[in-house]
Every structure is written in C-alpha cells, then in structure tokens.
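Descriptive structure summary
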Amino acid sequence: VEPKPPPSPTQSLVALDRQQQRLVRDYLPVSAALTAYELSFRDWRLGRLSRDELLGRARAYREVVEHSAALVRGDAAAGEMRRAKRLLLGALAARRAALTAFPELGRYRPAWSRSVVKAREALTLMQDLRDRGRLIPLPEDAVS
C-alpha cells in the first residue's frame, strides 16, 4: 500500500506564508520577553528578587501578552491556519491567566504549562503546513 500524498493546500503557499509570518510577528514579542521574565522568576525563587519586584515584572510581561493577543486576534487566518491561530490565542490566554494568578503557584503552574503546550502545538502545526508546502521552517524560538 502506497502512502497517501499530503492533501493539496486550499490556499496558495504565498498566502499561507503571509498568514504564518503575520501570526508569528504578532506573537514574537511574547517569546522575546520570555527569557527576561523566566530569569526574574528564577531569581525570585532563589531569593535574589523581592516578591514585589517579581510582581511588577509579571505585570509588565502580562501587558506584552495582552498586546500580542490583541494583534493575533486581528490577524487573518484561513484553512488550517485558523486552528493554529486558535492555539496561539489559547496559549496567550493561558499565559495571561498564569500571570494574573501569580504568586498563587497552585493556579499559576497549570495555566503556565497549558500556555507552553498550546504554543508548541501551534508551532508544530505551522511547521507541518510549511513542510507540506516545502517552505523554509519557522525559527524554533519564534513561538514559545
């Protein structure tokens, strides 16, 4: 039995690439600010940063998340990209919920984990679509 060929795209590869590039561009500030936030979180856990300082950094990061969510919501998505957009919005909503719940770690951790899983799912879906169309892969750190 021969393997089934991948389904043909319902939109042009150029349109697919543009949609993905726009979604990634609008999500990218969240990924770019993530390292600084995670370092702050680590420093707080190690006692190098006060709770109030970390709360301030969490609020600032939440503003980045909320801004990106507004941008992603406004992005066009057709075909299978609608699912990727929903996953990205789910990741951003979960990240916002985690940052709002902080410092209550019992609520923070599950929401944060959901945000990571959904972001990875979105990136995997977009990479699969790119592979099918033989497009250049998206950078792995574009969505985190």
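Here the structure is shown first, and the text comes after it.
Anyway, here's the lowdown on the structure attached to this text.

Cut-offs and rules
- Every residue gets a number counted from 1 within its own chain, in the order that chain's sequence is written.
- Where local features are concerned, this predicted model is filtered to residues with pLDDT of at least 70; where side-chain atom pairs are given and counted, the filter is 80 or more; whole-chain, interface and lining totals use all residues.
- Side-chain measures were taken over the full set of non-hydrogen atoms in the model, leaving aside hydrogen atoms and water.
- What counts as a helix is a DSSP run of H or I of at least four residues, what counts as a strand is a run of E of at least two, and both are numbered from the N terminus.
- Three labels apply to residues, based on accessible area from a 1.4 Å probe with only protein chains included: buried if under 20% of the type maximum, exposed if over 50%, partly exposed otherwise in between.
- Contact between two residues is taken to exist if any of their heavy atoms lie within 4.5 Å; hydrogens are not considered.
- Throughout, the Shrake-Rupley method with a 1.4 Å probe supplies accessible areas, and for residues the shown protein chains are the sole cover considered.
- Charge assignment in this entry is limited to Lys and Arg as positive and Asp and Glu as negative, and neither His nor the chain termini are counted.
- Note that the charge is assigned to NZ on lysines, CZ on arginines, CG on aspartates and CD on glutamates.
- Orientation is described by lines fitted to C-alpha atoms, with helices fitted over the stretch in contact, and by angles between N-to-C directions that extend from 0 to 180 degrees.
- Roughly parallel means an angle under 35 degrees; roughly antiparallel means over 145; roughly perpendicular covers 65 to 115; every other angle is labelled oblique.
- Crossing handedness: left-handed means the near helix sits turned counterclockwise from the far one by under a right angle, and right-handed means the same turn made clockwise.
- In this text, buried Ala, Val, Leu, Ile, Met, Phe, Trp, Tyr and Cys residues form a nonpolar core when linked through side-chain atoms within 4.5 Å.
- For this analysis, a polar contact is any N or O atom pair within 3.5 Å, provided that within protein one partner can donate a hydrogen and the other can accept it, and provided that sequence-adjacent residues contribute only side-chain to side-chain pairs.

Remarks on the overall build of the chain
Within the chain one finds four helices and zero strands. Helices and strands appear in the chain in the N-to-C order α-α-α-α. In terms of overall dimensions, the chain has C-alpha extents of about 60 × 35 × 25 Å along its principal axes. Looking at the 144 residues of the chain, the share that counts as buried comes to 40%. A separation of at least 24 residues holds for 70% of the contacts in the chain among residues at least 6 apart in sequence. Of the roughly 8,300 Å² of accessible surface on the chain, 55% is carried by carbon and sulfur atoms. Of the side-chain charges in the chain, 26 are positive and 17 negative, and the distance between the mean point of each set is 4 Å.

Considering unusual backbone geometry
The omega torsion across F102 and P103 is 15°, close enough to zero to call that bond cis. Tracing the chain through its elements places P103 in the loop between helix 3 (81–101) and helix 4 (105–133).

Regarding the environment of G74
Mapped onto the elements, G74 comes out in helix 2 (residues 51–74). The class of G74 is exposed, set by a relative accessible area of 63%.

Quick look at the packing of helix 2 against helix 3
At a minimum axis separation of 9 Å, helix 2 and helix 3 run at an interaxial angle of 160°. As judged from the angle between their axes, helix 2 and helix 3 are roughly antiparallel. As for the relative orientation of helix 2 and helix 3, their crossing is left-handed in sense. Packed against helix 2, whose contacting residues are A58, Y61, R62, V65, E66, S68, A69, V72 and R73, the element helix 3 presents K85, L88, L89, L92, R95, R96, L99 and T100 at the interface.

Things to note about the nonpolar core
The biggest cluster of nonpolar side chains holds 39 residues, and the ones touching the most others in it are Y37 and V143. Of all the secondary structure elements, the ones that give two or more residues to this core are helix 1 (13–45), helix 2, helix 3 and helix 4. Here this core gets 10 residues from one element, more than from any other, and that element is helix 4. When sequence neighbours within four positions are dropped, the list of residues in contact with V143 reads V24, Y27, S31, L88, A119, R120, L123 and M126.

What to know about the side chain of S68
Tracing the backbone shows S68 in helix 2. Overall, S68 belongs to the buried group, its relative accessible area being 0%. Among the polar contacts made by the side chain of S68, one reaches the main-chain carbonyl oxygen of D26 at a distance of 2.9 Å. In this structure, S68 is in contact with D26, Y27, P29, V30 and L92, ignoring residues within four places of it in sequence.

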